[in-house]
Amino acid sequence: TTSECTSGKIWDKDKKECVDAKKSGLDDDTLFKAARELAYDGQYENSLKVLDAVRDQTSARVLNYRGYANRKAGRMDIGMAYYRKAIQTDANYILARSYMGQALVQQGKIEEAKVQLIEIRDRGGENTWAYQALLQTLGGVHRY
């Protein structure tokens, strides 16, 4: 899997090896999924390197995962800036709202996090992972 690759490389299932993300010629969806896998594996710097290879740098999902990787790597201010950009790009991108809300909880800004929870609900996301994750974080059950 991609999580076994390092230094901006991702798994190429056809070649069955780790390849340089920037030189791979792989499509944005494949690159994005690899970057997400790396971020969830705790490889935040590697995730950011792979995100650099995505052609559409302005998509809400890329901005969101730049926020996630930076926040989890300890760069809260940078992460928050990317979350805001993701939401400006697509106000209905509820995953960015969830991650931003979780970051706000980390900062002790509970009321601001609740605003994001309400935004997720009001945008039809009440039965989604994004809503449930932020709700659990607000309840102190889990931190993502």
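Look above for the structure.
Our subject in this report is the structure included herewith. In this text, all values refer to a predicted model and were calculated from it rather than measured experimentally. (Residues numbered from 1 in each chain as written. Predicted model: local features only at pLDDT ≥ 70, side-chain atom pairs only at ≥ 80, totals over all residues. Heavy atoms only, no water.)

### Some points on the overall build of the protein
- For the protein, the helix and strand inventory stands at seven helices and two strands.
- Taken from N to C terminus, the helices and strands of the protein fall in the order β-β-α-α-α-α-α-α-α.
- Scaling as 2.2 N^0.38, a compact globule of 144 residues should have a C-alpha radius of gyration of about 15 Å, and the protein matches this with 15 Å.
- Each principal axis of the C-alpha distribution contributes one length, and for the protein these read about 45 × 25 × 25 Å.
- The burial tally for the protein puts 46% of its 144 residues in the buried class.
- Here the contacts in the protein between residues at least 6 apart in sequence split such that 49% fall between residues at least 24 apart.
- Total accessible area on the protein stands at roughly 7500 Å², and carbon and sulfur atoms take up 46% of it.
- Computed over 23 positive and 20 negative side-chain charges, the inter-centroid distance for the protein is 3 Å. (Helix = DSSP H or I, 4+ residues; strand = E, 2+ residues; numbered from the N terminus. Rg over C-alpha atoms; globule rule 2.2 N^0.38 Å. Buried < 20%, exposed > 50% of the residue type's maximum accessible area, 1.4 Å probe, protein only. Contact = heavy atoms within 4.5 Å. Areas by Shrake-Rupley, 256 points an atom, 1.4 Å probe, with all protein chains shown as cover. Lys, Arg positive; Asp, Glu negative; His and termini not counted. Charge placed at Lys NZ, Arg CZ, Asp CG, Glu CD.)

### Examining the pairing of strand β2 (residues 17-20)
- Examined bridge by bridge, strand β1 (residues 9-12) and β2 share four bridges and lie antiparallel to one another. Paired with lysine 9 across the strands is aspartate 20, a residue of β2. (Pairing = 2+ DSSP bridges.)

### Points about the pattern of salt bridges
- This structure, assessed with the given rule, holds seven salt bridges.
- Note that glutamate 119 and arginine 123 form a salt bridge whose closest N and O atoms lie 2.9 Å from each other. Residue glutamate 119 and its partner arginine 123 are located together in helix α6 (residues 110-125), separated by four residues, close to a single helical turn.
- Here aspartate 122 ties to arginine 121 by a salt bridge, and the two come within 2.9 Å at their closest N and O atoms.
- Look at aspartate 122 and you get exposed, because its relative accessible area is 53%. (Salt bridge = Lys/Arg side-chain N within 4 Å of Asp/Glu carboxyl O.)

### Digging into the packing of aromatic side chains
- Counted under the stated rule, the structure contains eight aromatic pairs.
- Taken together, a centroid distance of 5.6 Å and an interplanar angle of 90° make the contact between tyrosine 40 and tyrosine 68 edge-to-face. One end of the pair, tyrosine 40, is in helix α1 (residues 28-40); the other, tyrosine 68, is in helix α3 (residues 60-72), with 28 residues separating them in the sequence.
- Residue tyrosine 40 is classed as partly exposed on the basis of its relative accessible area of 45%.
- Residue tyrosine 68 is classed as buried on the basis of its relative accessible area, which comes to 7%. (Phe/Tyr/Trp six-rings, centres within 6.5 Å; stacked < 30°, edge-to-face > 60°.)

### Regarding the packing of α3 against helix α4 (residues 76-89)
- The N-to-C vectors of α3 and α4 enclose an angle of 165°; their axes lie 7 Å apart at closest approach. Between α3 and α4, the angle falls in the class roughly antiparallel. Once α3 is placed against α4, the crossing between them reads as left-handed. Between α3 and α4, the contacting residues are Ala60, Leu63, Asn64, Arg66, Gly67, Tyr68, Asn70 and Arg71 on the first element and Met76, Ile78, Gly79, Tyr82, Tyr83, Lys85, Ala86 and Thr89 on the second. (Axes fitted to C-alpha atoms, helices over the stretch in contact; angles between N-to-C directions. Parallel < 35°, antiparallel > 145°, perpendicular 65-115°, else oblique. Left-handed = near helix turned anticlockwise from the far one by under 90°.)

Shape is all these values report; function is a separate question.
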